Number of protein chains: 2
Amino acid sequence: MSAHGSLELSRQLRPLLTRVYQMVRRRSPGWDISAAQSSVLTTLMDRGALRMGELAVIEGVRMPTATSVVARLVKLGLVERIADPQDRRAVLVGITARGSAQISELVAERNARFAELLARLSDEERRLLRAAVPAMAHLVALDIAPKDPADTEL
Amino acid sequence: MSAHGSLELSRQLRPLLTRVYQMVRRRSPGWDISAAQSSVLTTLMDRGALRMGELAVIEGVRMPTATSVVARLVKLGLVERIADPQDRRAVLVGITARGSAQISELVAERNARFAELLARLSDEERRLLRAAVPAMAHLVALDIAPKDPADTEL
DNA sequence: TATTGTTATACTCTATAACTATA
DNA sequence: TATAGTTATAGAGTATAACAATA
């Protein structure tokens, strides 16, 4: 019944989200690592060492892609490949101390840059954004939830 | 003085924006055109025909990149190159009827998919998101504004 | 035989450097 | 000489198909 309101909200909100995303991402000079690379690093930071296949699934890419991104990160000394003792076919990919340090810096820098923009809003505007955070978090959680027909009631 | 609150808000909001962006973008099967291509099409849709160099600036890419993206779109019949009568060095790039139709469809599809997610939130959550829209719009506008020292007071 | 990864190949997006054509 | 754009070349990210090694 609220489908109409949702579509209208989608029309307003979606382009804005795209723009804000690009603001924070695209103009980030001085960082040598790419979006794909920083995504892998944050994943490994959050979840610890992962098998190549798991990493590919989480990143939403195919295995050959994961292999090549990891290969470049290894060359940069930011991740390492570890043989899996349980299964000799498998490879564990882990972040190195240097990778860890670098991604922390990058995240801090992005947050700082976004914060500068937020600081230029009014107190009221910031309050409204803050109030919307839990709803956004819920939205993000929805995406992870399985989309089986059985889960339609979620 | 509100710098601290901004940084905290940035920490909460920025990762969520990234995730939502990816939800809407990445899992969009059945669309042959790439992100760079759809971005060019929406730009041409919004602003009409542009010179190659203007397009490159707006898209935030170098001219050779614009040239190649446009070349592929021309091959797909979605944009056309028009000689500029005023300056024979220049090229005007315009969207075709087919390009126009295709981008409208794509935008509608993305909005619909995002709306489905929004529809799964509570009325209250949607209300909070709606209330945050003007602040987000302001945020986006800030990025466009020049960053000269003189404009610091904006 | 099935699973885990890698290699081979190809396409898009991106950049810089060198070039052409016009102002 | 300066500007608008293209071509040449290279590297990153992505994919599919074919392969190797292990379970």
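Residues numbered from 1 in each chain as written. Chains lettered and ligands numbered in written order. Predicted model: local features only at pLDDT ≥ 70, side-chain atom pairs only at ≥ 80, totals over all residues. Heavy atoms only, no water.

1. Observations concerning the protein's contact with DNA strand D
Our working definition: The near set for a molecule or strand comprises every residue that places at least one heavy atom within 4 Å of it. In protein, a polar contact requires one atom able to donate a hydrogen and another able to accept it; more generally it is a pair of N or O atoms within 3.5 Å, and residues adjacent in sequence count only if both atoms are side-chain atoms. Working definition: helices are DSSP H or I runs of at least four residues, strands are E runs of at least two. Numbering for both runs from the N terminus. Throughout, the ten residues Ala, Val, Leu, Ile, Met, Phe, Trp, Tyr, Cys and Pro are labelled nonpolar, Asp, Glu, Lys and Arg are labelled charged, and all others, Gly among them, are labelled polar.
As a matter of local geometry, DNA strand D sits amid 23 residues, with Ser-34 and Arg-72 of chain A together with Thr-67, Arg-81 and Arg-89 of chain B nearest to it. Near the protein, meaning within 4 Å, the atoms of DNA strand D are sugar or phosphate in a fraction of 73%, with bases accounting for the rest. At 2.8 Å from a phosphate oxygen of DNA strand D is found a main-chain nitrogen or oxygen belonging to Gly-53 of chain B. One of the backbone nitrogen or oxygen atoms of Val-91 of chain B is found 3.0 Å away from a phosphate oxygen of DNA strand D. Of all elements in the fold, only α2 (35–47) and α4 (63–75) of chain A together with α3 (52–59) and α4 (63–75) of chain B reach the threshold of two or more residues within the surface near DNA strand D. Considered class by class, the residues forming the surface near DNA strand D number nine nonpolar, six polar and eight charged.

2. Notes on the sheet that holds strand β1 (residues 50–51) of chain A
The strands making up a sheet are joined through hydrogen bonds of the backbone, oriented either antiparallel or parallel. All names here are of chain A. What counts here: Two strands qualify as a pair provided DSSP detects at least 2 bridges between them. Here, residues are in contact when the closest pair of their heavy atoms is within 4.5 Å. Orientation is described by lines fitted to C-alpha atoms, with helices fitted over the stretch in contact, and by angles between N-to-C directions that extend from 0 to 180 degrees.
Taken together, the three strands give an open sheet; going across it, the order is β1-β3-β2, and neighbouring strands pair in antiparallel fashion. In this open sheet, the two strands that pair with only one neighbour each are β1 and β2 (79–83). With two bridges joining them, β1 and strand β3 (residues 91–95) adopt antiparallel strand pairing. Note on β3: the bridge partner recorded for Leu-50 is Val-93. Packed on one face of the sheet, α4 meets β2 and β3 and runs near 110 degrees to β2.

3. Quick notes on the pairing of β3 of chain A
With five bridges joining them, β2 of chain A and β3 of chain A adopt antiparallel strand pairing. Bridging across to β3 of chain A, Glu-80 of chain A finds its partner in Gly-94 of chain A.

4. Overview of the protein's contact with DNA strand C
Near DNA strand C, the surroundings consist of 22 residues, among which Thr-67, Arg-81 and Arg-89 of chain A together with Ser-34 and Arg-72 of chain B are the closest. Residue Arg-62 of chain B places a main-chain N or O atom 2.9 Å away from a phosphate oxygen belonging to DNA strand C. With respect to DNA strand C, the backbone of Arg-88 of chain B contributes an N or O atom lying 2.9 Å from a phosphate oxygen. Among the elements of the structure, α3 (52–59) and α4 of chain A together with α2 (35–47) and α4 of chain B are those that each provide at least two residues to the surface near DNA strand C. In terms of residues, the surface near DNA strand C owes the most to one element, α4 of chain B, which gives four residues.

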